Amino acid sequence: MDLKASLSDPALLRTDAYIDGRWQGTDRHLAVTDPATGAHLADVSDLTPAEAERAILAAQAAGAAWAARTARDRSDLIRRWADLMMAAQDDLALILTSEMGKPLTEARGEIAYGASFLYWFAEEARRVYGDTIPGHQPDKRLLILKQPIGVVASITPWNFPNAMIARKVAPALAAGCTFVARPAAQTPLSALAMVELAHRAGIPKGVFNVVPSSDSAGMGRLFCEHPVVRKITFTGSTRVGEILMRQSAGQIKKLGLELGGNAPFLVFDDADLDAAVEGAMIAKFRNGGQTCVCANRLLVQASVHDAFAEKLARRVAVLKVGDGREQGTEIGPLIDTSAVTKVEEHVANALSAGARLLTGGKRHDKGGSYFQPTVLTDVRPGMAVMTEETFGPLAPLIRFETEEEGIGLANDTEFGLASYFYAQNLSRVWRVMEQLEAGMVGVNTGLISTPEAPFGGIKSSGLGREGSKYGMDDFLELKYVCLSL
Ligand SMILES: NC(=O)C1=CN([C@@H]2O[C@H](COP(=O)(O)OP(=O)(O)OC[C@H]3O[C@@H](n4cnc5c(N)ncnc54)[C@H](OP(=O)(O)O)[C@@H]3O)[C@@H](O)[C@H]2O)C=CC1
Ligand SMILES: O=C(O)[C@H](O)CS(=O)(=O)O
């Protein structure tokens, strides 16, 4: 498929780096391929860290003027950018599905989700309030100023190649920071289309830069070690988050880390089972199971386990697997064959230890990186799927007897990002939501992400929050001024 020819606005398919308001090519390129077909989509500039440093210096040069603009100015530009993103929703979705594989319906949803952060922080930009504090002495006046941190660098994953950047760049620009984005090597086209629209919206040169590169480790070291970069905002695995923490420790650099998850999805005996099944379908199979907040373990109270398992397996067995561009596709290809191998390993490990297959369980006959949506039951502690994030369309069911046992199983993980449970008894709802060790809890819902709410985790799932009224704080420095009259 000729992606450029398929776009109503072919100029959105950009392949060069965008630095200091200009498209800049290199003599090295990284190939972007279509996970659904394996077809070559585009060759994108592949920057070395030395080449990418130009973007950091451009962001530094643009910083003072951007911070000096009124909040209203920044707000209007960010909102105009969001309007352009929504106007280009179909093209951006096609670019996203082509490089990442998710169904077009989900890709369109991601564009709207990404734009919703731009709209949200266009509003928040005008509400960065300081404080005055009653002095501790008659001649003292105490002030609190909130000022932008400065140059921010982002490293983002392939699974939400638009929204993960939007969720970071929006508060950064709203706060008056400038930004350098390094997208995942597998999905740079969405980021480049975003910055094309930022350019059209009038975001000034140097404020938002995008530097594609296949040298993920080298770019990470550049961002961690460069003194001009004052904050790194990362979404991805806990493994890489730890690397970034170690590498930036020497500069006590501000970090925002949205890391791995192992979300429990609890179904109690007083749950509405049909609602719980629908919630599990969203929490588990959205993006083919490739989200950090996906239900990774489905814990079902014994008395309702078989009824829930039967209903869920019936729904999963008829999920439509296919190319994300095909009408009606519900599950696209995984990002690559190594992702398929991980799912296969989790299935094999569980079956060899006594788990039982209810549906799916192996590569799809479409080949490539397609995998059958799968439900296992009789999953028990000690199996890999209980401690590792599958990041694929695998729903493992674990039976529990008492509420206490269910909560104990749910919390038995190093991670603490999202969690979900279905119950109707009010006292139980309060008990469980207070005891779950997670940054986010869905109660009788499988979909919780929205810009109004703080997204983030505890334990090994990261630091900081993205979105909500709290999201600006991560891009601001608090300055205390003691004024003597
Ligand atoms: N908390 C959250 O919001 C989210 C968490 N995740 C987690 O990320 C994992 C899956 O995503 P995945 O992309 O495989 O995660 P990775 O952590 O492997 O990659 C995330 C990003 O980090 C880059 N990267 C890889 N190695 C380094 C390094 N040494 N230094 C700097 N950057 C590096 C990658 O580049 P490249 O891809 O080019 O190698 C990519 O851009 C899962 O654990 C998932 O839970 C994913 C999405 C959201
Ligand atoms: O990258 C992810 O997995 C996203 O953070 C999940 S969500 O924000 O779309 O829920």
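Since this is a predicted model, take the numbers as computed values, not measurements.

## Remarks on the site of ligand 2
Surveying the vicinity of ligand 2 reveals the residues Y113, N159, F160, M164, R167, R286, T291, C292, V293, S449 and F455. Computed on the free molecule, ligand 2 has an accessible area of 290 Å², of which 99% lies beneath the protein chains in the complex. Taken domain by domain, the makeup of the shell around ligand 2 includes at least three residues from each of domain 1 (3–259 + 461–484) and domain 2 (264–443).

## Observations regarding the site of ligand 1
Taken together, 29 residues are adjacent to ligand 1, and T156, R182, S237, L259 and E389 come closest. In this structure, an oxygen atom belonging to ligand 1 sits 3.4 Å away from a main-chain N or O atom of G236. In isolation ligand 1 has 880 Å² of accessible area, and contact with the protein removes 86% of it. Elements with a contribution of two residues or more to the shell around ligand 1: α8 (216–225), β10 (229–235) and α9 (238–248). With four residues, the top contributor of residues to the shell around ligand 1 is α9. Both domains that furnish three or more residues to the shell around ligand 1 are identified here as domain 1 (3–259 + 461–484) and domain 2 (264–443).

## Brief notes about the UniProt feature "active site" (unreviewed entry) in the protein chain
Annotation from UniProt places "active site" (unreviewed entry) at E258. Among the secondary structure elements, E258 is positioned in strand β11 (residues 254–258).

## Points about the environment of T445
Among the secondary structure elements, T445 is positioned in the loop between β19 (440–443) and β20 (458–459). Through-space distance from the C-alpha of T445 to that of A64 is 44 Å; in sequence the pair is 381 residues apart. A polar contact is formed between the side chain of T445 and the backbone nitrogen of L447, at a distance of 3.3 Å.

## Notes on the domain arrangement of the protein chain
The assigned domain composition of the protein chain is domain 1 (3–259 + 461–484) and domain 2 (264–443). Each of domain 1 and domain 2 has a C-alpha centre, and the two are 31 Å apart. Residue-level contacts link 24 residues of domain 1 with 24 residues of domain 2. Here domain 1 and domain 2 share an interface that buries about 1,800 Å² over both sides, 53% of which is from carbon and sulfur atoms. The tally of links from domain 1 across to domain 2 stands at one salt bridge.

## Digging into the sheet that holds β19
Sheet strands pair via backbone hydrogen bonds, and the direction of the pair is either parallel or antiparallel. With mixed pairing, seven strands are arranged side by side in an open sheet as β14-β15-β16-β13-β12-β18-β19. Each edge of the open sheet is held by one strand with a lone partner, namely β14 (356–359) and β19. Mean inter-strand twist for the sheet, computed between neighbouring axes without regard to direction, equals 25°. Contacts from helix α12 (residues 337–352) reach β14, β15 (374–377) and β16 (394–400) within the one sheet, and its direction differs from that of β15 by about 25°.

## Brief notes about the sheet that holds strand β5 (residues 131–133)
One open sheet accounts for three strands, arranged β5-β6-β22; its pairing is antiparallel. The open sheet has two edge strands with one neighbour each: β5 and β22 (476–484). Strand after strand, the sheet turns through a mean of 20° between neighbouring axes, direction not considered. Here nine bridges tie strand β6 (residues 140–148) to β22, and the two strands are oriented antiparallel to one another. Residue pairing across strands places K140 opposite S484, the latter belonging to β22.

## Some words on the side chain of S75
You can see S75 is positioned in helix α3 (residues 71–87). Here S75 is in contact with A122, E123, A125 and R126, once residues within four sequence places are set aside.

## Re the pattern of salt bridges
Under the defined criterion, the tally for this structure stands at 31 salt bridges. Among the ionic pairs, R167 bridges to E466, the shortest N-O distance being 2.7 Å. A residue pair is termed long-range when its members are at least 10 positions apart, and R167 in helix α6 (residues 163–175) and E466 in the loop between β21 (462–463) and β22 qualify at 299 residues. Across the pair, E466 and R167 agree in class, each one buried. Through salt bridges with shared partners, a single ionic network connects D269, D270, E403, R428 and R431.

## Overview of unusual backbone geometry
Residue I252 is not a glycine yet carries a positive backbone phi of 45°. Of note, I252 is situated in the loop between α9 and β11. With a phi close to 60°, F391 is a non-glycine residue in the positive phi region. Secondary-structure assignment places F391 in the loop between α13 (384–387) and β16. By relative accessible area, which is 18% here, F391 ends up buried.

## Re the side chain of R297
Structurally, R297 can be placed in strand β13 (residues 295–301). Of the buried charged residues, R297 lacks a salt bridge, with D412 as the closest side chain of opposite charge at 6.4 Å. Beyond its immediate stretch of four places on either side in the chain, R297 contacts N262, A263, P264, F265, V385, M386, P396, I398, L409, A410, D412 and T413.

Quick notes on the rules
Residues numbered from 1 in each chain as written. Chains lettered and ligands numbered in written order. Predicted model: local features only at pLDDT ≥ 70, side-chain atom pairs only at ≥ 80, totals over all residues. Heavy atoms only, no water. Near = heavy atom within 4 Å. Areas by Shrake-Rupley, 256 points an atom, 1.4 Å probe, with all protein chains shown as cover. Domains from an automatic or database assignment. Polar contact = N/O pair within 3.5 Å; in protein donor to acceptor, adjacent residues only side chain to side chain. Helix = DSSP H or I, 4+ residues; strand = E, 2+ residues; numbered from the N terminus. UniProt positions renumbered as here; feature names shortened; annotations may be inferred. Contact = heavy atoms within 4.5 Å. Buried area = accessible area lost by both parts, 1.4 Å probe. Salt bridge = Lys/Arg side-chain N within 4 Å of Asp/Glu carboxyl O. Pairing = 2+ DSSP bridges. Axes fitted to C-alpha atoms, helices over the stretch in contact; angles between N-to-C directions. Buried < 20%, exposed > 50% of the residue type's maximum accessible area, 1.4 Å probe, protein only. Lys, Arg positive; Asp, Glu negative; His and termini not counted.

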